[in-house]
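Here is what each chain is made of, one letter per residue.
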Amino acid sequence: MKLFFTLLIMVFGLSFSGSAQSKLTHLWTADEKLPTPESVLYVSSSDELLVSLIDGDGSEKDGNGGVAKLNLDGTLKDAVWVEGLNAPKGMALHGELLYIADIDEVVIIEYPTGKTKNVVGVPGAVFLNDVAAGPDGKIYVSDTRNGEIYVLEDEQPSLYMEDVPNVNGLRVIDGTLYALAGRELWKIGPTKDKEVITADIELDADGLEPVGDGSFLVTCWPGQIYHITAEGQVSKLLDVQGKMNTADLGYNPKERTLYIPTFLKNSVVAYRLD
């Protein structure tokens, strides 16, 4: 009888424990000083990282901003690939065009030449923050302070959705738009109806990346990184508040590597998702 109960406990223990919780393993910290890095974009076609650099105040039109390139080991590839921006933040690549959120404009850069193709002003925008590209070529841009999402079609902007409080990170996955709205992760349907995947993020969220298995990686600027399952279960992977910021991350699904811009620490840190 004792053996029976022991086996029973073991079976139920295995069934309820599920898979082991994911964790982060530090890989490298970029040695080069990167002036106020806000966002990292992993480019699979060239195996390089694009890093948006505010280099000053995030709301000021000072012309100090730009985009640098890093190799996947964190070494500097090009410190001044793009220059003359103001306060560049989120980026998205569609085809051979890179779209960059820059306060109240979307700057369109030819990739990989780095030449500016167009600068699209977004009427009414005050703090454009993240960018996501759909497979149909639609470009979505969040305005955190206005709580709005805009869409660019053929480089023409229009208001897509209102009342998305503190909206920041955006991603289009299988044609569906996902958005970080304050401490919530939303799935936005074709009629702009929302499904709240989770409301359990501890702080206002910043960066959003799909892992590839239906789950998500989420950063919060003050120094937190989360893993969120497709069902909305939230687990904290890192909390470094007071030590460094964790802004808009990039993610390399082939190597399961996160690239974290540290903002005020002027660096990028890489972690492997185990």
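Turning our eyes to something else, we now look at the overall build of the protein chain. Helices and strands together make up the secondary structure of the protein chain, namely one helix and 24 strands. A globule of 274 residues ought to have a C-alpha radius of gyration of about 19 Å, and the protein chain, at 19 Å, matches this closely. In the protein chain, the share of contacts with a sequence separation of at least 24, taken over all contacts with a separation of at least 6, comes to 43%. Entry remark: accessible area of the protein chain is about 12,600 Å², with carbon and sulfur atoms responsible for 50%.

A few words now on the pattern of salt bridges. Under the definition given, this model contains eleven salt bridges. Among the salt bridges present, the one from Lys 254 reaches Asp 47, with a minimum N-O distance of 3.5 Å. Of this pair, Lys 254 sits in the loop between β22 (250–252) and β23 (257–261) while Asp 47 sits in the loop between β2 (37–43) and β3 (48–53), and the two are 207 residues apart along the sequence. For Asp 47, a relative accessible area of 34% gives the class partly exposed. Linking Asp 204 and Arg 183 is a salt bridge whose minimum nitrogen-to-oxygen distance equals 3.7 Å. Taken together, the residues Asp 204 in the loop between β17 (194–198) and β18 (208–210) and Arg 183 in the loop between β15 (176–181) and β16 (184–188) connect sequence positions 21 residues apart.

It is worth spelling out unusual backbone geometry at this point. Of note, the bond from Tyr 111 into Pro 112 is cis; its omega dihedral lies within 30 degrees of zero at 15°. Among the structural elements, Pro 112 can be located in the loop between β8 (105–110) and β9 (116–121). A positive phi angle, close to 65°, is found at Glu 155, a residue other than glycine. Within the secondary structure, Glu 155 sits in the loop between β12 (148–153) and β13 (156–161).

It is worth spelling out the sheet that holds strand β4 (residues 65–71) at this point. One open sheet accounts for four strands, arranged β2-β3-β4-β5; its pairing is antiparallel. In the strand order of this sheet, the two ends are held by β2 and β5 (76–85), each with one partner. For this sheet, the mean angle separating the axes of adjacent strands, direction not counted, is 20°. Taken together, the six bridges between β2 and β3 define a ladder with antiparallel strand orientation. For Pro 37, the partnering residue across the bridge sits in β3 and is Leu 53.

Relative to the assigned elements, Gly 223 resides in the loop between β19 (216–220) and β20 (224–228). For Gly 223, a relative accessible area of 0% puts it in the buried group. If near-sequence neighbours (up to four positions away) are discounted, Gly 223 is found in contact with Leu 238, Asp 239, Val 240, Gln 241, Met 244 and Thr 246.

Checked against the element boundaries, Thr 229 lands in the loop between β20 and β21 (234–239). In this structure the C-alpha to C-alpha distance between Thr 229 and Leu 50, which are 179 residues apart in sequence, comes to 27 Å. Discounting chain neighbours no more than four positions away, the residues touching Thr 229 are Ile 197, Gly 214 and Ser 215. Only 2.9 Å separates the side chain of Thr 229 from the backbone nitrogen of Gln 233, close enough to count as a polar contact.

Thresholds applied
Residues numbered from 1 in each chain as written. Predicted model: local features only at pLDDT ≥ 70, side-chain atom pairs only at ≥ 80, totals over all residues. Heavy atoms only, no water. Helix = DSSP H or I, 4+ residues; strand = E, 2+ residues; numbered from the N terminus. Rg over C-alpha atoms; globule rule 2.2 N^0.38 Å. Contact = heavy atoms within 4.5 Å. Areas by Shrake-Rupley, 256 points an atom, 1.4 Å probe, with all protein chains shown as cover. Salt bridge = Lys/Arg side-chain N within 4 Å of Asp/Glu carboxyl O. Buried < 20%, exposed > 50% of the residue type's maximum accessible area, 1.4 Å probe, protein only. Pairing = 2+ DSSP bridges. Axes fitted to C-alpha atoms, helices over the stretch in contact; angles between N-to-C directions. Polar contact = N/O pair within 3.5 Å; in protein donor to acceptor, adjacent residues only side chain to side chain.

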